[in-house]
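# Architecture and fold: a report
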Amino acid sequence: MQIKRIVTGILEENGYIIYQKNSEDCFIIDPGADADRFVSFVEENGLRPSAVLLTHGHHDHCGGVDRLTDRAPCPVYIHREDEDLAKCRTDEYLEDGQVFKLGDEDIKVIHTPGHTRGGVCFYAEKSRAVFTGDTIFDIDIGRMDLEGGSEKDMAQSLKNVVDKWENDMIIYPGHGGSSSMKKVRQVNSEFLDMIGE
């Protein structure tokens, strides 16, 4: 799986385009702003978006959706718990355990509330990659003091989901750099505190 990161907006949000070599299909994850940059990459590489996948409904993660889908029409997926939070077009609901196919890669939806009620991660086991939105970052975790945030839910998501990921999984978060789960377990004190280690 090929991963193109596009950093946009004053909050330097990470959007991603994921695709396979020798295939025109792709998914766009969290196009927060600068929709034209996403469209340009898609067009320059002969790609065709199958869908926009949103990790959650905050504007810095979905602010570019409407312009992007005007230029590159495709359905927009979000968890139903975040539909009212998102100020953009949405078409379909994400469900925990749902799988999107990208060539021979399965992209699995994992519901991880805490930052928002409808927060999700997109888990690509074969490529050892997981797109975590604002659930977890390399050195900290997502805020829980915004609308829909819950410390209790975040603790459950981190203990029951994130802490199950193996050390070689690479997280691609909504802000900041990517990191292995091995490194997360070494340096992410907020994560360690939340899971009780």
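Read on for an overview of the structure. Just so it is clear, the structure is predicted and the values come from calculations on it, not from any experiment. (Residues numbered from 1 in each chain as written. Predicted model: local features only at pLDDT ≥ 70, side-chain atom pairs only at ≥ 80, totals over all residues. Heavy atoms only, no water.)

Further remarks concern unusual backbone geometry. Within the chain, E12 stands out as a residue other than glycine whose phi angle is a positive 50 degrees. Looking at the secondary structure, you find E12 in the loop between β1 (2–8) and β2 (13–19). Among the residues examined, E12 registers a relative accessible area of 52% and is labelled exposed. Unusually for a residue other than glycine, N22 sits at a positive phi of about 65 degrees. Looking at the element boundaries, N22 is found in the loop between β2 and β3 (25–29). (Helix = DSSP H or I, 4+ residues; strand = E, 2+ residues; numbered from the N terminus. Buried < 20%, exposed > 50% of the residue type's maximum accessible area, 1.4 Å probe, protein only.)

This part takes up helix α1 (residues 35–44). For α1, the set of buried residues is A35, F38, V39, F41 and V42. All buried residues of α1 project into a common sector of 160 degrees when viewed along the axis, lining one side. Facing away from the buried side of α1 by more than 90 degrees, the exposed set consists of E43 and E44. Tucked inside the fold, the buried residues of α1 contact β1, β2, β3, β4 (48–53) and α3 (65–71). (Arc of directions from axis to C-beta. Contact = heavy atoms within 4.5 Å.)

Per the stated rule, a full pass over the model turns up 15 salt bridges. Between D34 and R37 there is a salt bridge, with the nearest N and O atoms lying 3.6 Å from each other. Notably, a salt bridge pairs R143 with D145, separated by 2.9 Å at the nearest N-O pair. The class of D145 is exposed, set by a relative accessible area of 56%. (Salt bridge = Lys/Arg side-chain N within 4 Å of Asp/Glu carboxyl O.)

Turning to the sheet that holds strand β7 (residues 99–102), a few remarks are in order. On the basis of which strands lie adjacent, the open sheet formed by six strands has the order β7-β8-β9-β10-β11-β12 and mixed pairing. Among the strands making up the open sheet, the edge pair consists of β7 and β12 (179–180). Sheet topology places strand β8 (residues 105–111) next to strand β9 (residues 120–124); four bridges connect them, and they run antiparallel. Following the sheet pairing, H111 is matched in β9 by V120. (Pairing = 2+ DSSP bridges.)

For the rest of this paragraph, the subject is empty space enclosed by the protein. A probe matching the size of a water molecule, rolled over the atoms, marks out where space remains unfilled. The tally for this structure, following the rule as stated, stands at one cavity of 30 Å³ or more. Its boundaries defined by the atoms lining it, the largest cavity holds a volume of some 40 Å³. What lines the largest cavity is simply T55, H56, T112, H115, T116, G119, V120, T132, G133, D134 and T135. (1 Å grid on protein atoms, 1.4 Å probe; cavity = no way out; pocket = protein on both sides within 12 Å on 5 of 7 lines; lining within 4 Å. Points joined across faces, edges and corners; volume = space filled by probe spheres on them.)

For the rest of this paragraph, the subject is the packing of aromatic side chains. For the structure shown, the criterion picks out seven aromatic pairs. Ring pairs connect the aromatic residues Y16, F131 and Y172, which therefore count as one cluster. (Phe/Tyr/Trp six-rings, centres within 6.5 Å; stacked < 30°, edge-to-face > 60°.)

We now examine the nonpolar core. Core analysis: the biggest nonpolar cluster contains 22 residues, and I17, I28, L47, V52, L54, V65 and L68 have the highest contact counts within it. Within the residue set of this core, elements represented by two or more residues are β2, β3, α1, α3 and β5 (76–79). No other element matches α1, which puts five residues into this core. Ignoring anything within four residues of it in the chain, the contact list for I17 reads Q2, I3, K4, I6, C26, F27, I28, F38, F41, V42 and L47. If you look at the next biggest cluster of nonpolar residues, it comprises 20 residues, including I141, W165, L192 and I195. (Core = buried A, V, L, I, M, F, W, Y, C linked by side-chain atoms within 4.5 Å.)

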